[in-house]
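What follows is each chain in one-letter form.
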Amino acid sequence: MKIFPFQIELQGGKYQKLIAKIWRFAKFGFLGFIIYLLAVNFNLFWLFGRMPSSEELENPKSQVASSILTADGKELGRFLYENRSEIEFNELSPNIINALIATEDIRFTRHSGIDARSMFRVVSGILTGQMGRTGGGSTITQQLAKNLFKLRDDDYYHGITYKIPIVRSLIIKTKEWITAVKLERRYTKQEIMKMYLNTIEFSSGAYGIKSAAKTYFGKLPYELSVEEAALLVGMIQNPSRFNPKFRPENAQARRNIVFDQMVKADKLTSEQAEILKKKAIVLNYQPESHNTGPAPYFREFLKGWMKNELKELGYEPNDIYTKGFKIYTTIDSRMQRYAEEAMKDNMREVQKLFNEHFKGQNPWVMEVEDTGKYKEIPGFLETMAKRTGRYQELKRAFDGDEEQIWKEMRKRHKMTVFSWAGERDTVMSSMDSIAYYKRFLQSGLLSIDPRNGYIKAWVGGINYKYFKYDHVFQGKRQPGSTFKPFVYVTAVDNGFSTCQTVLDQPITFGYEDGVPGKPWTPRNSDGKYSGRALTLRDALGRSVNTVSATLIKQFKAKNVIKYAHQLGIKSDLPESPSLCLGVGDVSLYELLSGYSVFVNGGKYTEPIFVTRIEDKNGNLIKEYIPDQKEVLSQATAYKMLHLLQGATSPGGTAYGGLSRFGVLDGNEVAAKTGTTSNYSDGWFVGATQNLVTGVWTGGDERSIHFRTIALGQGSKVALPAVGGYLKRIYADASLKEEYSRTTFIRPSTVSISGDCVYAQGEGYHIDSTQKYTPPTAKPIDDDQL
């Protein structure tokens, strides 16, 4: 029979000879294939490039984001190059497993890494035009090999023959086959499935099924429904093309193909599939971004701290993005949320008042000396513009040509800007943008548990996306009257009795007090002197400047500085009598450290924000324990608490403001308001037995501020944020056990009589004479400080 151009005899020896020839060819072909596989596996003559080593196969590496965890077990955010979080097999929904096997590798449980049938299926799909519906040729294990080791892209695995296009493709595929077989020998099917789902890219910055579930649906993998699982599995073929956020029609069509595959695999009935196909795609799209999510200012601070800490622990700083560390913080997610809500509520109102106060005017002003009036600072915007990166770029581009630079700076273009009503699209020039953003007042809030130094909430600004500067740790401003407790504690701890009074009268400082030139006489905030004899509690509660001045005149600024540093202030402070009014710049972070000492019985605790760091497998790397040291006696610390409660008593600067929030009911609160002389800075610190919370509010530039104390004082611009924060905490039943209303713990050695606090062995009597006599206080001994 003539079938081919040559004649074949079907009888006798000729047929047998042909069979023998074919067999010899097959044997040589098989032997050649084996030799080829061995040559590729062992990189013969460096022709084929390296294969993954046994160590790499046993411990495959992928970039795993480090997780930031709160004290109450929530994820605060991640540090990442790739937004990847790993999961275990038992955390997967059966819906994911069923959809994946049906679509990507129907014989996954029956092959050993390579599936010949799937290869024939691909060829069939190509011939029939059904490639998209028949599934891919690579098994899940082969895809895992490709994802884990980047055999196509990483030069580490490339050999000499990679420069030849067709040969390159054959070698890469061969390496994936060999690696897949090796993976099958080392891992169970469940482990391979888990590893594969941890390595897939899902677009929108999400890597791995856990990140994808959170990004697109705000869920954990085990919570995904059938249609949600099918949508994500459908994205595997081409994540960008089938992204449901940006290409919903493509994504829905691909999802429906997954349903068809699940029907073929007996994971769904035809009826179920038809019902599911009619469902619209419903997303809860939350792409990972450092600009969004809770506590962004804290996360940015933590990133810098972690890099330094990792270096100390023997890691590379950038391992924070790839090693999958678990960072357990002291932040409480509920308290953080309440802090952010309270600040935003307050700042909306403050900004509204500020805009009305400067309606039709620019708020960058300077006081006209001795007139109490203000005028606009000339050239302010130009000065601010020269500090910007945009100006510096244009300066380089135009070789310093000022005319061209300012022309570009005034050119208008489309942009999206922040507003308290939400982001809005507009058209502005760079100069317009500077003027627009400089009008916004800023704020920072910090809350610490004084018993252990744990930071529970950290809000560094009004919106991290648009205002990156952190007003908790980075920002340092004059604390005004919130610094007065450091003056008072210097006096009280060195013999000044809380039972004595001080006359509210002018106190003048001259050359002998370290004031060069013209003598200085501090005034009270209202410019008046009552002439009354005031107790320390009454004076601190009403924030009477003359009493602070009297104390610093007696006990000296240098000793106040020593006490401030002893209690946690780390910034340099001016050795000047004006320190009694808080002229030295400090951060909110430092200020609260000092107030916490009073609540914690005289013990200073370095603020702590991380309790432990683990590797990605949960092994402990380092644990952090509060470091406490006694810096005051219990009696002195409690005396300060009693004095600070003057502000929350009737007539005190914080009484009315906190009463509006109901936080004084059944609750002892020690507090202090603070306002700088030109109202640039408004402060408030409120302390309970279990929480010390402080707020600063002001402009980014000190020249941007209210022009009256009625609007710009700390009790107006800062206190409401603390009041709203505490109100929310006390309303949360889940926080009641640890952060409920309470009273301060009074040492057994301390007694109270009215405004007077005295320890055992001390007498008590309110001195009602009209003048404080310095000799009644014991001389301060520098050595004891």
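Moving on to the sheet that holds strand S5 (residues 326–329). What the 5 strands build is an open sheet, ordered S2-S1-S5-S15-S16; its pairing is mixed. Either end of the sheet is taken by a strand with one partner, and the two such strands are strand S2 (75–79) and strand S16 (620–623). Between one strand and the next, the sheet's axes are offset by a mean angle of 15 degrees, whatever the strand orientation. For strand S1 (residues 66–69) and S2, the ladder comprises 4 bridges, and the chain directions are antiparallel. Across the sheet, residue Leu69 finds its bridge partner in S2, namely Glu75. Along the sheet, helix H13 (residues 296–312) contacts S1, S2, S5, strand S15 (610–614) and S16; its crossing angle with S2, the most-contacted strand, is approximately 55 degrees.

Predicted coordinates in regions of low pLDDT should not be interpreted in detail. Per-residue confidence for the protein chain gives a mean pLDDT of 86; residues scoring 70 or more make up 83%. Here residues 131–135 is a poorly scored stretch, pLDDT under 50, and it has 15 contacts once near neighbours within four places are set aside; other chains count. Here residues 763–785 is modelled with pLDDT under 50, and outside its nearest four sequence neighbours on either side it reaches 50 contacts, counting other chains as well.

Next up on the list: a negative patch on the surface. Together, Asp399, Asp401, Glu402 and Glu403 make up a region of like negative charge exposed at the surface. Position of Glu403 among the secondary structure elements: in helix H17 (residues 402–409). Using a relative accessible area of 65% as the deciding quantity, one classes Glu403 as exposed.

Time to look at the sheet that holds strand S11 (residues 454–459). Sheet architecture is open: 5 strands sit in the order S11-S10-S20-S19-S18, paired in antiparallel fashion. Edge positions in the sheet fall to S11 and strand S18 (670–675), since each has one partner strand and no second. Across the sheet, the mean angle from the axis of one strand to that of its neighbour is 10 degrees, orientation sign disregarded. Both S18 and strand S19 (residues 681–687) contribute to a ladder of 6 bridges, which runs antiparallel. By the bridge assignment for S19, Ala671 is matched with Gly686. In the packing of helix H28 (residues 719–731) onto the sheet, the strands contacted are strand S10 (441–449), S11, S19 and strand S20 (692–699), and the crossing angle to S20 comes to about 145 degrees.

Now for the packing of helix H19 (residues 484–492) against helix H22 (residues 557–566). The contact between H19 and H22 brings their axes to 9 Å, and the two run at 105 degrees. Taken as axis vectors, H19 and H22 run roughly perpendicular relative to one another. Between H19 and H22, the contacting residues are Phe486, Val487, Val489 and Thr490 on the first element and Asn559, Val560, Tyr563 and Ala564 on the second. Tallied by class, the residues present in the contact of H19 with H22 amount to 6 nonpolar, 2 polar and no charged.

This part takes up the environment of Ile281. Along the chain, Ile281 falls in the loop between helix H12 (270–277) and H13. For Ile281, a relative accessible area of 23% corresponds to the partly exposed category. Residues Ile281 and Glu228 lie 53 residues apart in sequence; the distance between their C-alpha atoms is 8.2 Å.

Along a regular strand, successive side chains alternate from one face of the sheet to the other. The pairing of strand S8 (residues 413–417) with strand S9 (residues 424–428) spans 5 bridges and is classified as antiparallel. Residue pairing across strands places Lys414 opposite Val427, the latter belonging to S9. Between the antiparallel neighbours S8 and S9 lie 6 residues, among them Gly422 with a positive phi of about 115 degrees.

To continue, consider the nonpolar core. Counting residues in hydrophobic clusters, the biggest one holds 150 residues, and the most contacted among them are Leu302, Trp458 and Tyr725. In this view, Tyr725 contacts Met335, Tyr338, Ala339, Ala342, Ser447, Ala457, Leu691 and Thr693; residues no more than four positions away in its chain are not counted. The next biggest cluster of nonpolar side chains, apart from the first, holds 46 residues, and it includes Leu92, Tyr216, Val258 and Ala273.

Where H19 meets helix H24 (residues 634–644), the closest approach of the two axes is 10 Å, and the angle between their N-to-C directions is 135 degrees. Our classification of the angle between H19 and H24 gives oblique. Read as a crossing pair, H19 and H24 show a hand that is right-handed. Residues Pro485, Tyr488, Val489 and Val492 of H19 form the contact with H24, whose own contacting residues are Thr636, Lys639, Met640, Leu643 and Leu644. Classifying every residue of the contact of H19 with H24 by side-chain character gives 7 nonpolar, 1 polar and 1 charged.

Moving on to the side chain of Glu228. In this fold, Glu228 is placed in helix H10 (residues 226–235). Exposure remark for Glu228: the relative accessible area of 12% places this residue in the buried category. In terms of polar contacts, Glu228 uses its side chain to reach the side chain of Lys219, at 3.0 Å. If near-sequence neighbours (up to four positions away) are discounted, Glu228 is found in contact with Phe217, Lys219 and Glu223.

As a further point, take H13. Three or four residues apart is the spacing at which side chains of an α-helix point the same way, because the helix has 3.6 residues per turn. Under the 1.5 Å per step criterion, the end-to-end length of H13 is 25 Å for 17 residues, consistent within 8% with the ideal 24 Å. Residues of H13 that are buried: Pro296, Tyr297, Phe298, Arg299, Phe301, Leu302, Trp305, Met306, Glu309 and Leu310. Of the residues flanking the end of H13, it is Gly314, one or two places downstream, whose phi is positive at about 95 degrees.

Turning our attention to the side chain of Ser443. As for its position among the elements, Ser443 is in strand S10. Within polar-contact distance, the side chain of Ser443 engages the backbone oxygen of Trp696 at 2.8 Å. Sequence-distant contacts of Ser443, that is, excluding residues within four places in its chain, are made with Met343, Met347, Val459, Gly460, Gly461, Ile462, His471, Val695, Trp696 and Thr697.

Right, let's get into unusual backbone geometry. Phi at Asp399 takes a positive value of approximately 55 degrees, unusual for a residue other than glycine. Mapped onto the elements of the fold, Asp399 is located in the loop between helix H16 (389–397) and H17. Positive phi is not limited to glycine here, since Tyr679 has a value of about 70 degrees. Within the fold, Tyr679 resides in the loop between S18 and S19.

Reading the values: rules and limits
- Within each chain, residue numbers correspond to sequence positions counted from 1 in written order.
- Note on the predicted model: pLDDT of at least 70 is required for a residue's local features to be given, and 80 or more for side-chain atom pairs to be given and counted; whole-chain, interface and lining totals, by contrast, use all residues.
- Note: side-chain values were computed over all heavy atoms of the structure, leaving out hydrogens and water.
- In this scheme, strands are said to pair when DSSP sees at least two bridges between them.
- Numbered from the N terminus, helices here are DSSP runs of H or I no shorter than four residues, and strands are runs of E no shorter than two.
- To obtain each axis, a line is fitted to C-alpha atoms, and for helices this fit is confined to the stretch in contact; angles are then taken between N-to-C directions over 0 to 180 degrees.
- Between two residues, a contact is recorded if the distance between any of their heavy atoms is within 4.5 Å.
- How sure the predictor is of each residue is captured by pLDDT, a score from 0 to 100.
- Residues enter patches when their relative accessible area tops 30% and they take part in no salt bridge; the joining distance is 9 Å for like charges and 5 Å for the nonpolar side chains Val, Leu, Ile, Met, Phe, Trp and Tyr.
- Note that accessible areas follow from Shrake-Rupley with a 1.4 Å probe, and for residues the cover is restricted to the protein chains shown.
- A pairing counts as a salt bridge when a side-chain nitrogen of Lys or Arg comes within 4 Å of a carboxyl oxygen of Asp or Glu.
- Just so you know, the count uses Lys and Arg for positive and Asp and Glu for negative, and it drops His and the chain ends.
- By convention, the point assigned to a charge is CZ for Arg, NZ for Lys, CD for Glu and CG for Asp.
- Each residue is placed in one exposure class: buried if its accessible area under a 1.4 Å probe, protein chains only, is under 20% of its type's maximum, exposed if it is over 50%, and partly exposed if it falls in between.
- For this classification, under 35 degrees means roughly parallel, over 145 means roughly antiparallel, 65 to 115 means roughly perpendicular, and everything else is oblique.
- Any residue outside Ala, Val, Leu, Ile, Met, Phe, Trp, Tyr, Cys, Pro, Asp, Glu, Lys and Arg is labelled polar, Gly included; the first ten of those are nonpolar and the last four are charged.
- Throughout, nonpolar core names a set of buried Ala, Val, Leu, Ile, Met, Phe, Trp, Tyr and Cys residues whose side chains join them through atoms within 4.5 Å.
- In a left-handed crossing the near helix is turned counterclockwise from the far helix by less than a right angle, and in a right-handed crossing that turn is clockwise.
- Here a polar contact is taken to be a pair of N or O atoms separated by no more than 3.5 Å, where protein atoms must pair a possible hydrogen donor with a possible acceptor and residues adjacent in sequence count only if both atoms sit in side chains.
- Here a helix's expected span is defined as the number of its residues, less one, multiplied by 1.5 Å.

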